[in-house]
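Examining the three-dimensional arrangement
Here's the letter readout for the chains.
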Number of protein chains: 2
Amino acid sequence: MHFERMAIIGVGLLGGSLGLAARRQHLVGHVVGIGHRSSTLEQAKSCGAVDSFTTDAAEGVAGADLVVLCTPVGLFGPLMEKCGPRLKAGCIVTDVGSTKAEPMAAIARHLPGECHLVGGHPLAGSDARGIESANERLFSGATVFVVPSAETMAGPIERVERLWQAVGARTRRIDPQSHDQLLARTSHLPHMVAALLVASLEPGDEPAVGKGLLDTTRIASGDPPMWRDIFLTNRAGTLAALDSFERLARQFREALESGDAESIEAVLRLAKRRRDSLLNR
Amino acid sequence: MHFERMAIIGVGLLGGSLGLAARRQHLVGHVVGIGHRSSTLEQAKSCGAVDSFTTDAAEGVAGADLVVLCTPVGLFGPLMEKCGPRLKAGCIVTDVGSTKAEPMAAIARHLPGECHLVGGHPLAGSDARGIESANERLFSGATVFVVPSAETMAGPIERVERLWQAVGARTRRIDPQSHDQLLARTSHLPHMVAALLVASLEPGDEPAVGKGLLDTTRIASGDPPMWRDIFLTNRAGTLAALDSFERLARQFREALESGDAESIEAVLRLAKRRRDSLLNR
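So, here is what we can say about the structure in this document. (Residues numbered from 1 in each chain as written. Chains lettered and ligands numbered in written order. Predicted model: local features only at pLDDT ≥ 70, side-chain atom pairs only at ≥ 80, totals over all residues. Heavy atoms only, no water.)

**Things to note about the packing of aromatic side chains**
For the structure on display, the rule yields 7 aromatic pairs over all chains. Summarising the aromatic geometry, the rings of Trp227 of chain A and Phe231 of chain A are spaced 6.0 Å apart at their centres and angled 50° between planes, so their arrangement reads as tilted. Here Trp227 of chain A pairs with Phe231 of chain A, and both are found in helix α9 (residues 224–232), just 4 residues apart, close to one helical turn. You'll find Trp227 of chain A and Phe231 of chain A in the same group, each marked buried. Following the ring pairs from residue to residue traces out a cluster consisting of Trp227 and Phe231 of chain A together with Phe252 of chain B. (Phe/Tyr/Trp six-rings, centres within 6.5 Å; stacked < 30°, edge-to-face > 60°. Helix = DSSP H or I, 4+ residues; strand = E, 2+ residues; numbered from the N terminus. Buried < 20%, exposed > 50% of the residue type's maximum accessible area, 1.4 Å probe, protein only.)

**Describing the pattern of salt bridges**
Enumeration over the complete set of coordinates arrives at 32 salt bridges over all chains. A salt bridge links Arg129 of chain B to Asp223 of chain B, with the nearest nitrogen and oxygen atoms 3.7 Å apart. Taken together, the residues Arg129 of chain B in the loop between β6 (116–122) and β7 (143–148) and Asp223 of chain B in the loop between α8 (211–217) and α9 (224–232) connect sequence positions 94 residues apart. Asp223 of chain B gets classed as partly exposed once you look at its relative accessible area, which sits at 24%. Residues joined by salt bridges that share partners form a network here, namely Arg228 and Asp229 of chain A together with Glu265 and Arg269 of chain B. (Salt bridge = Lys/Arg side-chain N within 4 Å of Asp/Glu carboxyl O.)

**Digging into helix α5 (residues 101–109) of chain B**
Residues spaced three or four apart along an α-helix point in a common direction, a consequence of the helix completing one turn every 3.6 residues. Residues and elements named next belong to chain B. Among the residues of α5, those classed as buried are Pro103, Met104, Ala106 and Ile107. Buried residues of α5, viewed axially, fall in a sector of 155°; they line one side. Tucked into the core, α5 has its buried residues touching β4 (66–69), α4 (76–83), β5 (92–95), β6, β7 and α7 (176–199). (Arc of directions from axis to C-beta. Contact = heavy atoms within 4.5 Å.)

**Points about the pairing of strand β5 (residues 92–95) of chain A**
Residues and elements named next belong to chain A. Across the two faces of β5 the burial is the same, with Ile92 and Thr94 and Val93 and Asp95 all buried. Sheet topology places strand β4 (residues 66–69) next to β5; 4 bridges connect them, and they run parallel. Across the sheet, the residue bridging to Leu66 is Ile92, located in β5. As a crossover connection, the stretch from β4 through helix α4 (residues 76–83) into β5 is right-handed. Pairing of β5 with strand β6 (residues 116–122), which is carried by 2 bridges, proceeds in the parallel orientation. Looking across to β6, one finds that Ile92 is bridged to His116. With respect to chirality, the unit in which β5 leads through helix α5 (residues 101–108) into the neighbouring parallel β6 is right-handed. (Pairing = 2+ DSSP bridges. Right-handed = clockwise from strand over helix to strand, strands pointing away.)

Shown next, in the form of structure tokens:
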């Protein structure tokens with residue numbers, strides 16, 4: 001048994017899947033689901049993702065030795081303000097947010113001294129959302145970033161890592177700032193670029209849209225409020241990634257303006273090599 | 001019968017598929033395949049894409065009433081320089097190139113006065129390439145841009161349109177400059193952006209690469225020399241599309257720098273709405 005009592009705040013795709021996997025594999029003694037809609041919580045219970053539930057977050061976390069925040073990252077601060085005083089000594093707080101430095105700071109502000117913060121970020125999202133899409137195999141083979149702050153002790157980090165490993169994930173330890181810069185390059189900037197590409201289409205362009213553009217802009221269909229919060233909680237990382245991208249765009253523009261065939265082909269070859277190598281990881 | 005004798009220069013995915021479809025449906029009397037590798041031409045013959053073949057382009061086009069250029073656009077000029085003098089009066093020259101204004105000008109420079117130029121661009125490429133991927137259904141349901149120059153007469157335009165329609169395509173008539181600006185937005189800029197996104201990754205970023213980035217950058221695996229030529233033959237269009245994109249990027253950057261949640265969400269909502277609508281065309 002990894003934890004006696006796990007409280008999951010936000011029982012959607014990620015929270016529900018974690019509850020399912022942990023309960024089915026007897027990794028936890030009791031899972032309490034916390035949310036603001038009873039109907040969702042009922043559904044989480046009937047599908048086996050939680051043992052009990054409550055809409056009162058402070059009540060729900062009481063007695064838990066693991067609290068997992070699975071809400072939008074913008075809610076971490078207000079939630080912890082409410083729940084912090086009710087956390088039991090030794091409790092580990094973790095999360096599944098896509099950005100880490102700011103959301104973890106928001107958690108830390110309200111964390112009692114005798115509790116532990118270990119950030120987390122499973123790369124296991126999908127277009128599907130909600131408890132109805134939850135499944136116990138969601139994390140199988142997925143990468144989960146385990147993100148200690150500078151203050152986090154080794155014991156809690158390892159306990160969180162072992163839980164993710166037990167549900168099939170490969171864990172990678174990384175600090176919050178490095179995580180956010182890394183994800184800005186691999187996720188946040190690509191999302192921004194996809195959104196701008198589709199936003200810069202003109203009315204009537206549709207007949208010329210082929211499979212290439214559809215693939216390139218698929219992620220632009222993501223949930224706007226969720227992505228707004230990702231950008232706002234990773235401004236430094238996203239801006240740094242945008243700087244790099246714009247530097248390359250300037251070089252490409254200059255090559256294009258001067259008709260420099262060699263430089264253009266060199267960039268395309270580099271991109272193709274890197275893209276092809278991503279498939280052979 | 002649409003044409004007595006069709007010469008296809010470059011018998012790969014597009015040229016081979018056109019030959020297959022036209023022969024199977026008896027749209028043409030005789031198809032001659034032209035290329036520089038006998039083995040490819042042999043294969044085109046044995047799969048039914050051509051009736052005969054030659055590696056001598058000038059010889060191949062002699063007597064044809066339709067010549068279809070299916071080589072990289074960079075070869076149109078040199079090829080037409082060689083073949084122009086051998087074209088018979090009334091011959092229609094068309095092509096399947098991804099860019100139109102410059103490649104069509106290269107054709108026109110060597111076109112005898114009594115011949116007709118009607119550019120073409122089927123949106124029917126794929127990751128697959130070569131005669132081994134050719135199939136007679138490739139153009140079924142596909143959009144084909146039919147691109148007359150200012151001088152092209154109505155008769156030849158309609159004959160080319162009817163041929164494409166006969167192999168299942170929906171044709172759209174557009175002038176070369178509008179075509180190139182349109183495709184810059186829907187294809188060339190997205191390709192450039194995908195290439196730059198993957199080029200701006202750093203060594204060691206791979207574990208953080210998820211399905212989103214893979215989709216967004218899939219087209220960056222395209223053939224570098226082919227795309228180099230697309231960019232070089234559509235510099236004006238690509239630069240104009242890049243201008244629009246960079247204008248939006250500047251606005252997004254400013255919103256991000258000032259923490260303007262509303263503007264960020266507005267862009268994301270616009271992008272999502274447009275992207276979702278592309279699926280319901």
